[in-house]
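One letter stands for each residue in the lines below.
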Amino acid sequence: SHWLLAWLSLELNTLSILPIMMKQPHPRMVEATTKYFIIQSTAAACILFASTLNAWQTGLWSIMHTNSMLPTTLITIAIMLKLGLAPAHLWYPEILQGTPLTTAMLISTWQKLAPLALLYMLHNTINTALLLTIAALSTIIGGWTGLNQTQTRKIMAFSSISHMGWLLIALSMDQKLTTLTMLTYLATATAMFTALSYTTTKTIHDTGTTWMLSPAMTLMMMITLMSLGGLPPLTGFMPKLLIIKDLASINLLPIGALALAASLPSLFFYTRIAYMTMLTTPPTTTNMNLKWRFSTTTPPISTTPLIITCMMLPMTATLYNTT
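Named according to an unreviewed UniProt entry, the protein is NADH-ubiquinone oxidoreductase chain 2 originating from Hemidactylus frenatus.

This is the structure we're talking about:
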């Protein structure tokens, strides 16, 4: 509950991920690590400055007593920079592209928990109009900018930006719904990055060679992609349905319609990848098992996220009421 401890924890979190990012001494990884350090340090410095300003105005370092307009706005913008939300999103796809898929999974999932925890604690004092504006920009940019991407890590980066926009919309209304949205995204993103890492799928072209070599992981990729897009039979449809329902109940359907329209491009490139994975075969595909690229067993870590991705929609009411 203390701003200095929160700032210290964010810095420890940033410094801990840096050796993981530059474990392999490759120029792209060193560049991505440097960019990540600069961006995260800038955001943490803004948080420290805003919390000091709040302590000067109120005499308190408690996070719960951040009521002044300027410190709250500065902290919100700094957290958006940490999360890679629009319009401060340009660093995020480039950093994911310069890291391995497992490290990209950590940046897209685990590293978002600490800034989201601060947003949870500030949700009563954050300007709702600012929150909804950033959410709308994130869903629009995350959807439209991902259309012309061919690298799977950049596609997942823009997918993350779009999903974080949906999460901010939920945060402006209900914390329980925000938790459900966050858990759903974490499960689907973990399943997707696991499948991409297991099959070493770095481009859309690579997806065409995975079916004959690893059918189980290819099926997992297709189901997870459809869940990320929010198709009704799968778990990814659940948070979007509940968010639209809550927006309708408080007469904010235009925001919901904008978010739904912005998610259509995302659904398009998810469907395009699934189509290329399941229904197309590149001319160079062979029936030989490439031992250097694939193993013959399914990693155990993929089982639980896959089940959550596929089968949690029937439990919508229960999860929404107990989260």
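The discussion continues.
Draft legend 1. Up close: the confidence of the model for the protein. Overall, the prediction assigns the protein a mean pLDDT of 82, with 85% of residues at 70 or greater. Across residues 291-296, where pLDDT falls below 50, the model places 14 contacts with residues more than four positions away in sequence or in other chains.

Draft legend 2. Broad picture of the pattern of salt bridges. For the structure shown, the criterion picks out three salt bridges. Residues Lys 35 and Glu 31 are paired through a salt bridge, measuring 3.0 Å at the closest nitrogen-oxygen approach. With Lys 35 and Glu 31 both in helix 2 (residues 27-58), this residue pair falls four residues apart, about one helical turn. As a salt-bridge pair, Lys 245 and Asp 246 come within 3.2 Å of each other at their nearest N and O atoms.

Draft legend 3. Structural context of the packing of helix 8 (residues 152-171) against helix 11 (residues 237-249). Running from amino to carboxyl end, helix 8 crosses helix 11 at an angle of 40 degrees, the nearest separation of the two axes being 10 Å. Regarding the angle of helix 8 to helix 11, the classification is oblique. In this structure, the crossing between helix 8 and helix 11 has a hand that is left-handed. When helix 8 is examined against helix 11, the residues Trp 166, Ile 169 and Ala 170 are found in contact with a partner set consisting of Lys 240, Ile 243, Ile 244 and Leu 247.

Draft legend 4. Representation of the UniProt feature "signal peptide" (unreviewed entry) in the protein. UniProt records the feature "signal peptide" (unreviewed entry) at residues 1-16, using the numbering of this structure. A distance of 22 Å separates the end C-alpha atoms of residues 1-16, which is 88% helix and 0% strand.

Draft legend 5. Highlighting the layout of surface pockets. Size it by volume and the largest pocket reaches roughly 290 Å³. Secondary structure elements with two or more residues in the lining of the largest pocket: helix 2 and helix 5 (101-108). A breakdown of the residues in the lining of the largest pocket according to their chemical character gives three nonpolar, eight polar and three charged. Split by domain, the residues of the lining of the largest pocket number at least three in each of domain 1 (1-126) and domain 2 (129-322).

Cut-offs applied
- Residues numbered from 1 in each chain as written.
- Predicted model: local features only at pLDDT ≥ 70, side-chain atom pairs only at ≥ 80, totals over all residues.
- Heavy atoms only, no water.
- pLDDT = per-residue confidence, 0-100.
- Contact = heavy atoms within 4.5 Å.
- Salt bridge = Lys/Arg side-chain N within 4 Å of Asp/Glu carboxyl O.
- Helix = DSSP H or I, 4+ residues; strand = E, 2+ residues; numbered from the N terminus.
- Axes fitted to C-alpha atoms, helices over the stretch in contact; angles between N-to-C directions.
- Parallel < 35°, antiparallel > 145°, perpendicular 65-115°, else oblique.
- Left-handed = near helix turned anticlockwise from the far one by under 90°.
- UniProt positions renumbered as here; feature names shortened; annotations may be inferred.
- 1 Å grid on protein atoms, 1.4 Å probe; cavity = no way out; pocket = protein on both sides within 12 Å on 5 of 7 lines; lining within 4 Å.
- Points joined across faces, edges and corners; volume = space filled by probe spheres on them.
- Nonpolar A, V, L, I, M, F, W, Y, C, P; charged D, E, K, R; others polar.
- Domains from an automatic or database assignment.

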